[in-house]
Amino acid sequence: MQLFLEYLFDGISNGAIYAALALALVMVFRGTGTINFAQGEMALFTTYIAWGLTTKNVPIILCLLIATGAGFVLGAVTERVLIRPIERKSLLATLIVLLGLFLALNSLDGILWGNENYTMASLFPNKVSSFVSVGGARLYWANLGLWILVAVIVGAMFQLFNHTRLGLHMRATASNRESASLSGIAVGRILMLGWGFSAAIGAVAGILLTPLSPDSLGVGEMFPILIQASAAALLGGLDSPGGAVIAGLMLGVVEALLSGYVSVIGGQLEEAIAFVAIVLVLLVRPQGLFGSKEVERV
Amino acid sequence: MSLLEITDLRGGYGPSMVLHGISLSVDEGEIVVVLGANGAGKTTTMRAISGLISSKGAITLDGRSISGLHPDKVVGAGISLVPQGRGTFAKLSVEDNLQVGAAKRRDRAGVKDDLEQWYEVFPRLAERKKQPAGTLSGGEQQMLAIARALMNRPRLLLCDEPSLGLAPIVVREVFALLTRINTEQKTAMLIVEQNAQLALEIASRAYVLETGTVVTEGTAASLRDSDAVRRAYLGY
């Protein structure tokens, strides 16, 4: 029981990160129609910024805010400068540009911060003794804080989508871009905001994830996470924010339990779980668990 | 001075030109219809006015140039397009669709009043306001598209093929509603239509397009009586 709970807690923490990044991927997908391959690298870049600030003794909460703001700007500028001029030409070109951005940001990280790995300070008490005992298992404050913060972000995004004018305009733009602009929505501004929000979510996810294990901030940190988040987004349905969150959590928990109990998987084959999920989804239910097939009568 | 004045409009899609110098005008409160066969440039004219495609030539609303504006700015200037195919936001509820139509407006109370007003005019939309708009019938979606465009309180309503894909009885209903809105709200309308007979009944003037130019224009009555127009477009 105790072991099970510890696996479960780890799984929920990883799952929450996948969920946050999957939500970010879905937000971009709904507006622009592509997977943002650079999503993970954007998050890593802003995590480096936050880490860099912590080494200058800036309070961690301030680092979080600055990095989140930087993420927002990075996302918005990417949309305006790189995506908007290209996306009209072709979807493939957009994908290639995003792959290019992925490589460029990764190399930039290497140039700016080198190839060593760093340990990042946590937003929450992060000592060996900072835990509460739940059913004999240790639930660390860092995990609990992560869950709460991700839940708050996800809740805020859903509030935005479903109960604000801006959210309505975002949904309209995702549903039918031309019709949205014919209704008076400044579509470019909406897309830019969507990219900004999505990169800001990624920034928070990076800052929550990195302190969970020592020496984890490095140029290779985010790529595997992006694979998991993409699998979650696909599993949940690329156009379904709620689906992305649920699938992210599911994937995190399944992965933690499988790698905990099945020794062949543990440590080495975790990422394979994401790929298996991707292949299965594409074969069995391409629209994902909660995604929709187009319903339109003409 | 006319409400909408188009002079020597040229444009198309990339290198292929569709419009070769179209001039037309719509007066305050007037219904004008644009007729023409497939490929004559009717929809392209509508898209050029709305700012969806770039074009050369002058487009003015109330004497102020609107050519080169982005679509949302054209809406802001007071022109709303009911696009061909209706442009329904399929997953959004009927009410959300109408709210999107009010994107340019800041007066909440006025928007609420307008919602009530259009629910009265289109009772079937009121019955289905919480339903995803994609589940409406074709006729209902056409009504929704018109109501959505009207939520902007446009001075000029552009309608691109409002009869497309609808049963004849529904087409009559749509045209009756357009006439009613024109009478009650004094909204000027520029309607592109293949159903020439019906369109000429509600319009005061008409233009006939052929391969991107205006070949005939005149009052609706005179076009109805013209043998050439009748043979070519009315089919009797």
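None of these values were measured; they are calculated from a predicted model. Starting afresh in each chain, residues are numbered from 1 along the sequence in its written order. Note on labels: chains are lettered from A, ligands numbered from 1, in written order. Given that this is a predicted model, residues contribute local features only at a pLDDT of at least 70 and side-chain atom pairs are listed and counted only at 80 or more, while totals for whole chains, interfaces and linings are drawn from all residues.

**Structural notes on the overall build of chain A**
To be explicit about the condition: By definition, any uninterrupted DSSP run of H or I lasting at least four residues is a helix, any uninterrupted run of E lasting at least two residues is a strand, and each is numbered from the N terminus. Buried means a residue has 20 or more other C-beta atoms within 10 Å of its own C-beta, exposed means 12 or fewer, and partly exposed covers the counts in between; C-beta atoms are placed from the backbone.
Check the secondary structure of chain A and you find eleven helices and two strands. Along chain A, helices (α) and strands (β) appear in the sequence α-α-α-α-β-β-α-α-α-α-α-α-α when read from the amino end. Taken over the C-alpha atoms alone, chain A extends approximately 60 × 45 × 35 Å along its principal axes. Counting the 298 residues in chain A, one finds 50% classified as buried.

**Comments concerning the overall build of chain B**
The condition is simple: Note that the radius of gyration is over C-alpha atoms, with the globule rule given as 2.2 Å times the number of residues to the power 0.38. Two residues qualify as being in contact provided that their C-beta atoms, derived from the backbone, are within 7 Å of each other.
Of the regular secondary structure elements, chain B holds ten helices and ten strands. For 236 residues, the compact-globule estimate of 2.2 N^0.38 gives 18 Å, and the C-alpha radius of gyration of chain B, at 17 Å, lies within 12% of that figure. Dimensions of chain B, computed from the C-alpha atoms along their principal axes, are close to 45 × 40 × 35 Å. Residues classed as buried in chain B amount to 47% of the 236 residues present. Sequence separation of 24 or more characterises 66% of the internal contacts of chain B that already satisfy a separation of 6 or more.

**A word on the sheet that holds strand 7 (residues 156–160) of chain B**
All names here are of chain B. Heads up, the condition is: Criterion used throughout: strands pair if DSSP finds at least two bridges between them. For helices, the axis comes from a line fit to the C-alpha atoms of the stretch in contact; other axes are also lines fit to C-alpha atoms, and the angle between any two N-to-C directions lies between 0 and 180 degrees.
Pairing within the open sheet is mixed, and its six strands lie in the order 6-7-8-3-9-10. Since the sheet does not close on itself, it has two edges, and those belong to strand 6 (79–82) and strand 10 (213–219), each with one partner. Here the strands of the sheet are splayed against their neighbours by 15 degrees on average, with no regard to which way each runs. Of the pairings in the sheet, the one linking strand 3 (residues 31–36) to strand 9 (residues 205–210) comprises five bridges and is parallel in character. When the bridges of strand 9 are listed, L35 appears paired with V208.

**Focus: the packing of helix 3 (residues 60–87) of chain A against helix 4 (residues 91–113) of chain A**
Residue and element names in this part refer to chain A. The condition is simple: By definition in this entry, angles of less than 35 degrees are roughly parallel, angles greater than 145 are roughly antiparallel, angles of 65 to 115 are roughly perpendicular, and the rest are oblique. What makes a crossing left-handed is the near helix being turned counterclockwise from the far one by less than a right angle; a clockwise turn instead makes it right-handed. As a working rule, the residues Ala, Val, Leu, Ile, Met, Phe, Trp, Tyr, Cys and Pro are called nonpolar, Asp, Glu, Lys and Arg charged, and the rest polar, with Gly in that last group.
Running from N to C, helix 3 and helix 4 point in directions that differ by 150 degrees, and their axes come no closer than 8 Å. Classed by the angle they form, the pair helix 3 and helix 4 counts as roughly antiparallel. Here helix 3 runs over helix 4; the crossing is right-handed. Between helix 3 and helix 4, the residues in contact are T78, L82, I83, I86 and E87 and A93, T94, V97 and L101, respectively. Across the contact of helix 3 with helix 4, the residue classes break down as six nonpolar, two polar and one charged.

**With respect to helix 8 (residues 187–209) of chain A**
Applicable threshold: The span expected for a helix works out to 1.5 Å for each residue beyond the first.
Taking 1.5 Å as the rise per residue, helix 8 of chain A with 23 residues should run 33 Å; its terminal C-alpha atoms sit 33 Å apart, in good agreement. With 21 of its 23 residues buried, helix 8 of chain A lies for the most part within the structure.

**A word on the packing of helix 2 (residues 39–55) of chain A against helix 4 of chain A**
Residues and elements named next belong to chain A. Remark: helix 2 packs on helix 4, axes separated minimally by 9 Å, with the N-to-C direction vectors making an angle of 20 degrees. Between helix 2 and helix 4, the angle is such that the two are roughly parallel. Seen along the crossing, helix 2 lies across helix 4 with a hand that is left-handed. Facing helix 2, whose interface residues are E41, M42, L44, F45 and Y48, helix 4 presents F102, L105, N106, D109 and W113. When grouped by side-chain class, the residues that make up the contact of helix 2 with helix 4 number seven nonpolar, one polar and two charged.

**Structural notes on the interface of chain A and chain B**
Contacts between the two partners involve 20 residues from chain A and, on the opposite side, 28 residues from chain B. Among the secondary structure elements, those contributing two or more residues to the side of chain A that touches chain B are helix 6 (165–175) and helix 7 (177–182) of chain A. In terms of residue class, the side of chain A that touches chain B is built from eight nonpolar, eight polar and four charged.

**Description of the sheet that holds strand 4 (residues 55–61) of chain B**
Residue and element names in this part refer to chain B. If you trace the four strands from one edge of the open sheet to the other, you get 2-1-4-5, paired in antiparallel fashion. Each having just a single partner strand, strand 2 (16–26) and strand 5 (64–65) make up the two edges of the open sheet. Bridge count for strand 1 (residues 4–13) against strand 4 is six bridges, and the pairing is antiparallel. Note on strand 4: the bridge partner recorded for G11 is S55.

**Notes on unusual backbone geometry**
Residue and element names in this part refer to chain B. Although it is not a glycine, R86 adopts a positive phi angle of roughly 80 degrees. Along the chain, R86 turns up in the loop between strand 6 and helix 3 (94–101). With a phi close to 60 degrees, K186 is a non-glycine residue in the positive phi region. Tracing the chain through its elements places K186 in the loop between helix 7 (168–185) and strand 8 (188–192). Using a count of 11 C-beta atoms within 10 Å as the deciding quantity, one classes K186 as exposed.

**Observations concerning helix 3 of chain B**
Owing to its 3.6 residues per turn, the α-helix brings residues three or four apart onto one side. In terms of burial, helix 3 of chain B is largely enclosed, as seven of its eight residues are buried. Those residues of helix 3 of chain B lying buried are B:V94, B:D96, B:N97, B:L98, B:Q99, B:V100 and B:G101. Those residues of helix 3 of chain B hidden inside the fold are in contact with helix 6 and helix 7 of chain A together with helix 4 (108–121), helix 5 (123–127) and helix 6 (138–150) of chain B.

**Section: the nonpolar core**
Applicable threshold: Working definition: the nonpolar core is a set of buried Ala, Val, Leu, Ile, Met, Phe, Trp, Tyr and Cys residues, joined through C-beta atoms within 7 Å.
Counting 159 residues, the largest nonpolar core has A:A19, A:A20, A:L21, A:A22, A:L23 and A:A232 as its most contacted members. Among all residues touching A:A232, those that are not within four sequence positions of it are A:Y18, A:A19, A:A22, A:A244, A:A247, A:G248 and A:L251.

**A few points about the pairing of strand 1 of chain B**
All names here are of chain B. Note that strand 1 and strand 2 share eight bridges and pair antiparallel. Bridge pairing links E5 to S25 in strand 2. Where strand 1 folds back onto strand 2 in an antiparallel hairpin, the turn is made up of two residues, including G14, whose phi is positive at roughly 60 degrees.

**Focus on the confidence of the model for chain B**
As a note on interpretation, predicted positions should not be read in detail where pLDDT is low. Note the threshold: pLDDT expresses, on a scale from 0 to 100, how confident the predictor is about each individual residue.
Residues at a pLDDT of 70 or more form 98% of chain B, whose mean pLDDT is 93. Of the two predicted TM-score estimates for the complex, the pTM is 0.90 and the ipTM is 0.92.

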